[in-house]
Amino acid sequence: MDEYLESDSVTEASGPELIFTTLVEFVEEYVSNIMRLPDDGAPLAWCPSWWAHPEAVVRLSTMWRSMEYLAGDPALGMSVWWRDHVDPHMRMLRDPLTGPFAACQRARTHVDQPTLPTDVPPDEMFDHPAYSLEAAQAAEAPTAEEIRNSPRPWLGWIALTMPQPDNGTNG
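Residues numbered from 1 in each chain as written. Predicted model: local features only at pLDDT ≥ 70, side-chain atom pairs only at ≥ 80, totals over all residues. Heavy atoms only, no water.

Secondary structure summary: the protein chain contains eight helices and zero strands in total. Secondary structure elements in the protein chain, listed N-terminal to C-terminal, are α-α-α-α-α-α-α-α. Within the protein chain, buried positions represent 29% of all 171 residues. Nonlocal contacts in the protein chain, meaning residues at least 24 apart in sequence, comprise 59% of its contacts between residues at least 6 apart. As displayed, the protein chain offers around 12000 Å² of accessible surface, 55% of which is attributable to carbon and sulfur atoms. (Helix = DSSP H or I, 4+ residues; strand = E, 2+ residues; numbered from the N terminus. Buried < 20%, exposed > 50% of the residue type's maximum accessible area, 1.4 Å probe, protein only. Contact = heavy atoms within 4.5 Å. Areas by Shrake-Rupley, 256 points an atom, 1.4 Å probe, with all protein chains shown as cover.)

The structure is reproduced here in structure tokens:
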């Protein structure tokens, strides 16, 4: 997790100047000052150790990066940012029943939560170009007719519409 937080602090020399240069700065100087927890006991969750929750780090990073991008649009950028990024992400983060901070809110202290359990899928299940970069690089693009006549046409359409991987020949 520390590597992820550190990697977010890098600014691109060729891009526009960032408003916040790190995720930590964005959360501590902006998010924590504009978002509030109600004093009346309304059920909203938050954990001061937000950085210890991988889902929170990813959602807050998404909010930060989208804000940096959309802030350049003086007409609608921030409205779009609030509507499409802040509202849904903060609603999920602060959900007192299912959000990543829910257990912390109930315990009134940080609680490490287990990751979701997963089983290993069968090898052949995801060997389709729609699910694997390796399969996409090895496969030739199917024709529309081949897709229509295949037993799983939706996979063919996904594979056909995916951007082709750059193997060093473009540009």
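Moving on, there is more to tell.
Turning to the packing of helix α3 (residues 54-70) against helix α4 (residues 77-93), a few remarks are in order. As a packed pair, α3 and α4 sit with axes 9 Å apart at the nearest point and diverge in direction by 175°. Regarding the angle of α3 to α4, the classification is roughly antiparallel. For the pair α3 and α4, contact is made by A56, R59, L60, T62, M63, S66, M67 and L70 and by G77, M78, V80, W81, H85, V86, H89, M90, M92 and L93, respectively. Counted by class, the contact of α3 with α4 contains 12 nonpolar, five polar and one charged residues. (Axes fitted to C-alpha atoms, helices over the stretch in contact; angles between N-to-C directions. Parallel < 35°, antiparallel > 145°, perpendicular 65-115°, else oblique. Nonpolar A, V, L, I, M, F, W, Y, C, P; charged D, E, K, R; others polar.)

A few words now on a nonpolar patch on the surface. A contiguous nonpolar patch, built from M125, F126 and Y131 and spanning about 300 Å² of accessible area, is present on the exposed surface. Tracing the backbone shows M125 in the loop between α5 (102-107) and α6 (133-138). (Patch = residues over 30% accessible without salt bridge, like charges linked within 9 Å, V, L, I, M, F, W, Y side chains within 5 Å. Salt bridge = Lys/Arg side-chain N within 4 Å of Asp/Glu carboxyl O.)

Viewed as axis vectors pointing N to C, helix α2 (residues 23-34) and α3 meet at an angle of 80°, and their least axial separation amounts to 10 Å. Considering their axes alone, α2 and α3 lie roughly perpendicular with respect to each other. Across from L23, F26, V27, Y30 and V31 in α2, the residues of α3 making contact are V57, L60, S61, M63, W64 and M67. Considered class by class, the residues forming the contact of α2 with α3 number 10 nonpolar, one polar and no charged.

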